[in-house]
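# Observations on the model geometry
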Amino acid sequence: MRNLKAPLAAAAVAALVLAGCGTTSERTSAEPQAGSSKACKGADGKYTIGMSQANVAEPYRQRMDDDIKAAAKEVPQFDVKFADAAQDNAKQVADVENYLTQQIDLLIISPNEAKPLTAVVKKAFDKGIPVIVLDRKVEGDAYTGFIGGDNVEIGTAAGKFVAEKLLPSGGNVVEIKGLAGATPQAERNQGFAAGIKPNPKIKIIATASGDWLREKGQAQMDALLKANPKIDVVYAHNDPMAEGAYLAAKAVGREKEMKFIGIDALPIPSGGIKAVEQGRLSATFTYPTNGKEAIAAAKKILVDCGTIEKTQTLQTRLIDKSNAASIYAEENPTG
């Protein structure tokens, strides 16, 4: 705040003192973050955080909740409540409204779809409640911070892997997409198209929506197999749908005719890293759950009286047969 004129600087200091904050921090913009000074009571405060999850039928989202829970145990001031919207936009809106009635100190939300959740997220933000959006975005910028992977970048990396490694001479691809209306679905599709573009011999011959779920991915792949006698690669927007597609192909004896790739790379026995190591998937791409980063951001806002970046982008990496075993061991050091 060195560049502010003296009266403004004095006012800013007074505001911090009135808010009871014990520390100050550099801000990324001249505007204060909504809810940050109001919510912060410092290290002596107790804080209730509401976590609104799109659904926990996806292993990725259950892992996100588990990571939030584990990280929050390390912050004694935090009490985190969880709600599962079960892929129902109206229920997720009601979950957030319920949190507002409970007067939570901070909201963490991973929206089922962007547009239907935008208004209630803005409502929380406008009430002065800090809002951390995870993984899937809302429309506009009425939130405190967004934490997630770059889904266009992930899709592009998947496309390049197909174009350069799996199908350098060209071939037929089917794409199994996530839930329509969820921002990662559109971005993973956009990125993949860009990644394969330098190889004009690759054709996306069919697409289907598996809604992020293994069972739906399997059912959609069953239909795609019946309609398409030659499929070289299946690109699924997450690992459960890729595994479902593999099972559908295996059921009709066609799994060896094609390669399967997904996204998430959960370091659990049923996750994508093991699926690559065991040969069902040719590749997956890490997609961090953002759980520990969300709690770190909440601590910075509520306990440290600081501010967070408007966008925190977490990195991805390719996992194939060459590194799957070592990365799984790295992610599970105790076995």
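Residues numbered from 1 in each chain as written. Predicted model: local features only at pLDDT ≥ 70, side-chain atom pairs only at ≥ 80, totals over all residues. Heavy atoms only, no water.

Another aspect to go through is the overall build of the protein chain. Helix and strand content of the protein chain: 12 helices and 12 strands. For the protein chain, the proportion of its 335 residues judged to be buried stands at 54%. A separation threshold of at least 6 residues defines the contact pool for the protein chain, and within that pool the share at least 24 residues apart is 73%. When the accessible surface of the protein chain is totalled, it reaches about 15000 Å², and 53% of it is carbon and sulfur. (Helix = DSSP H or I, 4+ residues; strand = E, 2+ residues; numbered from the N terminus. Buried < 20%, exposed > 50% of the residue type's maximum accessible area, 1.4 Å probe, protein only. Contact = heavy atoms within 4.5 Å. Areas by Shrake-Rupley, 256 points an atom, 1.4 Å probe, with all protein chains shown as cover.)

To continue, consider the pairing of strand β8 (residues 233-236). Here β8 shows no split at all, with Val 233 and Tyr 235 on one side and Val 234 and Ala 236 on the other all buried. As defined by bridge partners, strand β6 (residues 171-177) adjoins β8 across 4 bridges and the pair is classed as parallel. From the neighbouring strand, Ile 176 faces β8, where its bridge partner is Ala 236. Summarising the sheet, β8 and strand β9 (residues 259-261) pair through 3 bridges and their orientation is parallel. Across the sheet, the residue bridging to Val 233 is Lys 259, located in β9. Following the backbone out of β8, through helix α9 (residues 239-251) and into the adjacent parallel β9, one traces a crossover that is right-handed. (Pairing = 2+ DSSP bridges. Right-handed = clockwise from strand over helix to strand, strands pointing away.)

It is worth spelling out the sheet that holds strand β11 (residues 311-314) at this point. Sheet strands associate in pairs through backbone hydrogen bonding, adopting either a parallel or an antiparallel arrangement. Strands sit in the order β2-β1-β3-β4-β5-β11 across an open sheet of 6 strands; the sheet is parallel. Sheet topology places β2 (78-84) and β11 at the edges, where each strand pairs with a single neighbour. With strand direction ignored, the average angle separating the axes of adjacent strands in the sheet is 15°. Relative to β2, strand β1 (residues 47-53) is paired through 7 bridges, and the arrangement is parallel. Note on β2: the bridge partner recorded for Thr 48 is Asp 79. (Axes fitted to C-alpha atoms, helices over the stretch in contact; angles between N-to-C directions.)

What follows deals with the nonpolar core. Across soluble globular proteins, nonpolar side chains have a tendency to be buried as a group. Among the nonpolar cores identified, the biggest contains 43 residues, and Phe 78, Ile 108, Ile 132 and Ile 295 are the most heavily contacted of them. When residues of this core are assigned to their parent elements, the largest contribution, 6 residues, is made by helix α11 (residues 291-302). In terms of nonpolar packing, the next biggest core, distinct from the first, is built from 30 residues, Val 174, Leu 225, Ala 236 and Tyr 328 among them. (Core = buried A, V, L, I, M, F, W, Y, C linked by side-chain atoms within 4.5 Å.)

Looking now at helix α6 (residues 151-166). Taking 1.5 Å of rise per residue, 16 residues should cover 22 Å, and α6 covers 21 Å from first to last C-alpha, within 8% of that figure. Among the residues making up α6, those that are buried are Asn 151, Ile 154, Gly 155, Thr 156, Ala 158, Gly 159, Phe 161, Val 162 and Ala 163. At the N-terminal end of α6, a side-chain oxygen is found 3.2 Å from the backbone nitrogen of Val 152, two or three residues along, and the residue is Asp 150. (Expected span 1.5 Å × (residues − 1). Polar contact = N/O pair within 3.5 Å; in protein donor to acceptor, adjacent residues only side chain to side chain.)

Under the definition given, this model contains 22 salt bridges. Among the salt bridges present, the one from Lys 91 reaches Asp 95, with a minimum N-O distance of 3.2 Å. Of this pair, Lys 91 and Asp 95 both sit in helix α4 (residues 89-101), 4 residues apart, which is roughly one turn of that helix. As a salt-bridge pair, Lys 115 and Glu 139 come within 4.0 Å of each other at their nearest N and O atoms. (Salt bridge = Lys/Arg side-chain N within 4 Å of Asp/Glu carboxyl O.)

Take the environment of Asp 44 next. Tracing the backbone shows Asp 44 in the loop between α2 (36-39) and β1. Overall, Asp 44 belongs to the exposed group, its relative accessible area being 77%.

Tracing the sequence through the fold places Asn 112 in the loop between β3 (106-110) and α5 (114-126). Of note is the side chain of Asn 112, whose polar atom sits 2.9 Å from the side chain of Asn 89. In this view, Asn 112 contacts Ala 54, Gln 87, Asp 88, Asn 89, Gln 92, Leu 117, Arg 136, Leu 179 and Ala 182; residues no more than four positions away in its chain are not counted.

For the rest of this paragraph, the subject is the confidence of the model for the protein chain. Interpretation of this model should avoid reading the predicted coordinates in detail wherever pLDDT is low. The pLDDT averaged across the protein chain works out to 89; a share of 88% of its residues lies at or above 70. Residue range residues 1-37 is modelled with pLDDT below 50. Its contacts to residues more than four positions away, or to other chains, number 38 contacts. (pLDDT = per-residue confidence, 0-100.)

Right, let's talk about α11 for a bit. The first and last C-alpha atoms of α11 sit 17 Å apart over 12 residues, in line with the 16 Å expected at 1.5 Å per residue. For α11, the complete set of buried residues consists of Gly 291, Glu 293, Ala 294, Ile 295, Ala 297, Ala 298, Ile 301 and Leu 302.

Where helix α3 (residues 59-72) meets α11, the axes come as close as 7 Å, and the angle between the chain directions of the two elements is 40°. It follows that α3 is oblique to α11 by the angle criterion. Here α3 and α11 pass one another in a crossing that is right-handed. Contacts between α3 and α11 involve Met 64, Asp 67, Ile 68, Ala 71 and Ala 72 from the first element and Gly 291, Lys 292 and Ile 295 from the second. Residues of the contact of α3 with α11, tallied by class, amount to 5 nonpolar, 1 polar and 2 charged. (Parallel < 35°, antiparallel > 145°, perpendicular 65-115°, else oblique. Left-handed = near helix turned anticlockwise from the far one by under 90°. Nonpolar A, V, L, I, M, F, W, Y, C, P; charged D, E, K, R; others polar.)

With that settled, the discussion passes to the environment of Ile 295. Along the chain, Ile 295 falls in helix α11. We classify Ile 295 as buried; its relative accessible area is 3%. In this structure the C-alpha to C-alpha distance between Ile 295 and Asp 67, which are 228 residues apart in sequence, comes to 9.2 Å.

What follows is about unusual backbone geometry. You will see that Asp 211, though not glycine, has its phi angle at about 55°, which is positive. Its location among the elements puts Asp 211 in the loop between β7 (202-209) and α8 (214-227). Since its relative accessible area comes to 15%, Asp 211 is described here as buried. Even without being a glycine, Cys 305 presents a positive backbone phi close to 60°.

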